[in-house]
Amino acid sequence: MADYKNKTIVDLLNDRIPRNPDQSALSFVGEDPLSYSELDNGIAALAQFLNSEGIKPGDRVALLSENSPYWGMCYLSVVSIGAVIVPILPDFHKSEVHHILRNSEARIMFISSKLFHKIEDADFKSVKRIVVVDDESLEHTKIKTLKLSELNTSENTQKGNKLRQNTKIHPDDLMEILYTSGTTGHSKGVMLTHKNIVSNIFAGLNALPITEKDTLLSILPLAHSYECSMGFLAAFYGGATIYYIQGPPTGPIVLSAVAQVNPTIILSVPLIMDKIYKKKVLPQINAKAYSKMMYRMKATRGLVAKIAGKKLKESFGGNLRVMVFGGAAMPPEVEDFLIEADFSFICGYGLSETAPLLTVSPEGQHKRRSAGKIVMDVTCRIDDPDPDTGVGEIVVQGPNIMKGYYKNEEETQKTFSKDGWLITGDRGYLDSDNYLFIKGRSKNLIVGPSGENIYPEEIEYHLSQNPFVLEPLVYEKDGRIVARVFLDYDSIDQELHTSNMEQSEASKRIQSLLEDLRQEVNGKVAAYSRIHRIIEQQEEFIKTPTKKIKRYLYRE
């Protein structure tokens, strides 16, 4: 693999395009794709437009759109002239979008027509021009806009190519300000350089090689660091073809897309596979008494898992090489099934602040319950380890570590140790093979009555093993452990027939179920970790784009 040091995203772009100019690069499912050369021409044309609008190296340009081939075109056009891209997650509330535009002082904005309502009732002094990426008509608005297609001309392409050749970019130049969704409710602008992201691209490709033979189906938001760095930039540099879904990636839409695309790689988050396992795989196994019995027996469990795994792989198309999981911890029950089923997958861990990869489990080398192996050129250290368990604060150092938070020196100082290592906010330990095992978030840690460390994530694991629980959340209230659970009423009704009961009777049955669950879990954890009360969560938990529960919303 080529040396990434002293390279920028533009160097990678210039290296990739000539190698396979006619191959399909980016496409909507079911539509004609953009080839690598067509994409390059579009990037050059937009670069010239930005230049004509006075955009100089270091200026910020915002991008708010659903996943599409044009998202990548806009992204690369901005960074190719040394400007700074500001991707915005489509799920952000409009007040958060307004904050990002004002905080970043973006001068140009690329936006999709469906998300235009998030900006049309506000006045942004810094934003001088707005470009609609999907060319939809916006006659209802008084804000003057341009259409992307109006800018993609041969004249702009010729001028843009000369402009890019004459633009000097250094690896340490700021490339992106990525505003985190997080689970704390506070959006911070992570400053990432060309070196940060390029080093991470090479680290990802070192763990999972991607080539011209690969096809990716993109189902996660491109404005998230995980999907952008690995699902877009790394796949692009590897020469793969990437397909995007029009509309929300619901189950039926994804299955239809899979059938058309036959992807070799899919990037996902554990919650999606957890739901597939609980709603599809387990019901099929339990549908027949003999398979249900065999799956519960150690001697025959693997056989049942392999049969179910074969069907699962077929449901993702006939060419799936590997599924990549990141953004959160893999539920142990699901992890065990995938291993027993010979379903090819790898797990990774990282942060927006690390561009994002810190660990990856190389293909065929996954260790149960680990977050993977520390990626190349990154060093991990465990601070203040517990003398008995070795668990401590995870801190890291490497070429992928952010410059800091934009206009927020106070938070930047808090995030780095005195000797300059990034404090991840997670607690865990390293084994002798450099695999990282994460126990939980430092801010979620609960200190027991005698100083014991209680990790809510471990209690949540035991709660999630119950077939009636879809999502659990554990926290502390008044010195006691409290759990919230979002229940699977389809399974409850099938097993307990609650829909045929009077409402009061059904309510009592649910309360009894919750108490049984509490006692069941308390029998599996240490005395100081026992749950005092379980509350039913009536609606699905609100989550970040990578499907992590926003815990701060539910702490009483």
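Because the structure is a prediction, the values reported are computed rather than measured.

1. Examining the overall build of the chain
Part 1 of the reasoning: The helix and strand inventory of the chain stands at 17 helices and 26 strands.
Part 2 of the reasoning: Whereas a compact globule of 556 residues would reach a radius of gyration of roughly 24 Å, the chain reaches 24 Å, a difference of no more than 12%.
Part 3 of the reasoning: The principal-axis extent of the C-alpha atoms belonging to the chain is close to 70 × 50 × 50 Å.
Part 4 of the reasoning: Per-residue burial for the chain yields a buried fraction of 57% across its 556 residues.
Part 5 of the reasoning: Residue pairs at least 24 apart in sequence account for 65% of intrachain contacts in the chain once pairs closer than 6 positions are excluded.
Part 6 of the reasoning: For the chain, the computed accessible surface area is about 24,700 Å², with 48% contributed by carbon and sulfur atoms.
Part 7 of the reasoning: The distance from the centre of the 66 positive side-chain charges to the centre of the 71 negative ones in the chain is 1 Å.

2. A closer look at the sheet that holds strand β26 (residues 531-536)
Part 1 of the reasoning: Taken in spatial order, the three strands line up as β24-β25-β26 in an open sheet, and their pairing is mixed. Every other strand in the sheet has two partners, leaving β24 (469-477) and β26 as the edge strands with one partner each. The mean angle between the axes of side-by-side strands here comes to 25 degrees, regardless of whether they run parallel or antiparallel.
Part 2 of the reasoning: The pairing of strand β25 (residues 480-487) with β26 spans five bridges and is parallel. Across the sheet, residue V482 finds its bridge partner in β26, namely R533.

3. A few points about the environment of A240
Part 1 of the reasoning: The topology assignment puts A240 in the loop between α8 (225-238) and β11 (241-244).
Part 2 of the reasoning: Sequence separation between A240 and A25 is 215 residues, and the spatial gap between their C-alpha atoms is 6.6 Å.
Part 3 of the reasoning: Sequence-distant contacts of A240, defined by excluding residues within four places in its chain, comprise Q23, S24, A25, Y36, I210, T211, E212, D214, L216 and A235.

4. Things to note about unusual backbone geometry
Part 1 of the reasoning: Cis geometry marks the peptide bond from A355 to P356, where omega comes out at -5 degrees.
Part 2 of the reasoning: Summarising the element assignment, P356 is placed in the loop between β14 (345-350) and β15 (357-360).
Part 3 of the reasoning: Of note in the backbone geometry, D342 takes a positive phi value of approximately 55 degrees without being a glycine.
Part 4 of the reasoning: Among the secondary structure elements, D342 is positioned in the loop between α13 (332-340) and β14.

5. Focus: the nonpolar core
Part 1 of the reasoning: Residues Y75 and F232 are the most contacted members of the largest nonpolar core, which totals 151 residues.
Part 2 of the reasoning: It is α8 that contributes the most residues to this core, nine residues altogether.
Part 3 of the reasoning: Residues in contact with Y75, not counting those within four places in the same chain, are L63, I85, P87, M175, E176, I197, C228, F232 and L233.
Part 4 of the reasoning: With 21 residues, the next largest nonpolar core counts F468, V469, I492 and L514 among its residues.

6. Regarding the packing of helix α10 (residues 270-286) against helix α12 (residues 298-315)
Part 1 of the reasoning: Contact geometry for α10 and α12: axes closest at 11 Å, N-to-C directions at 115 degrees. When you trace α10 past α12, the crossing you get is right-handed. Between α10, through M273, I276, Y277, V281, Q284 and I285, and α12, the contact on the second element is made entirely by R301, V304, A308, K311 and L312.
Part 2 of the reasoning: In terms of residue class, the contact of α10 with α12 is built from eight nonpolar, one polar and two charged.

7. Focus: α13
Part 1 of the reasoning: Among the nine residues in α13, eight count as buried, and that is most of the element.
Part 2 of the reasoning: Within the sequence span of α13, burial applies to P332, E333, V334, E335, D336, F337, L338 and E340.
Part 3 of the reasoning: A positive backbone phi angle near 55 degrees is found at D342, which sits one or two residues after α13.

8. Let's talk about helix α1 (residues 9-16)
Part 1 of the reasoning: Those residues of α1 that fall on the buried side of the exposure criterion are I9, V10, L12, L13 and R16. End-on view of α1: buried residues confined to an arc of 160 degrees, all on one side of the axis.

9. Notes on the packing of aromatic side chains
Part 1 of the reasoning: Under the counting rule described, the total for this entry stands at twelve aromatic pairs.
Part 2 of the reasoning: Taken together, a centroid distance of 6.3 Å and an interplanar angle of 55 degrees make the contact between F232 and F236 tilted. Residue F232 and its partner F236 are both found in helix α8; the two are separated by four residues, about one turn of the helix. Grouping residues by exposure puts F232 and F236 together as buried.
Part 3 of the reasoning: Ring pairs connect the aromatic residues Y36, W71, Y75, F232 and F236, which therefore count as one cluster.

Reading the values: the criteria
Residues numbered from 1 in each chain as written. Predicted model: local features only at pLDDT ≥ 70, side-chain atom pairs only at ≥ 80, totals over all residues. Heavy atoms only, no water. Helix = DSSP H or I, 4+ residues; strand = E, 2+ residues; numbered from the N terminus. Rg over C-alpha atoms; globule rule 2.2 N^0.38 Å. Buried < 20%, exposed > 50% of the residue type's maximum accessible area, 1.4 Å probe, protein only. Contact = heavy atoms within 4.5 Å. Areas by Shrake-Rupley, 256 points an atom, 1.4 Å probe, with all protein chains shown as cover. Lys, Arg positive; Asp, Glu negative; His and termini not counted. Charge placed at Lys NZ, Arg CZ, Asp CG, Glu CD. Pairing = 2+ DSSP bridges. Axes fitted to C-alpha atoms, helices over the stretch in contact; angles between N-to-C directions. Core = buried A, V, L, I, M, F, W, Y, C linked by side-chain atoms within 4.5 Å. Left-handed = near helix turned anticlockwise from the far one by under 90°. Nonpolar A, V, L, I, M, F, W, Y, C, P; charged D, E, K, R; others polar. Arc of directions from axis to C-beta. Phe/Tyr/Trp six-rings, centres within 6.5 Å; stacked < 30°, edge-to-face > 60°.

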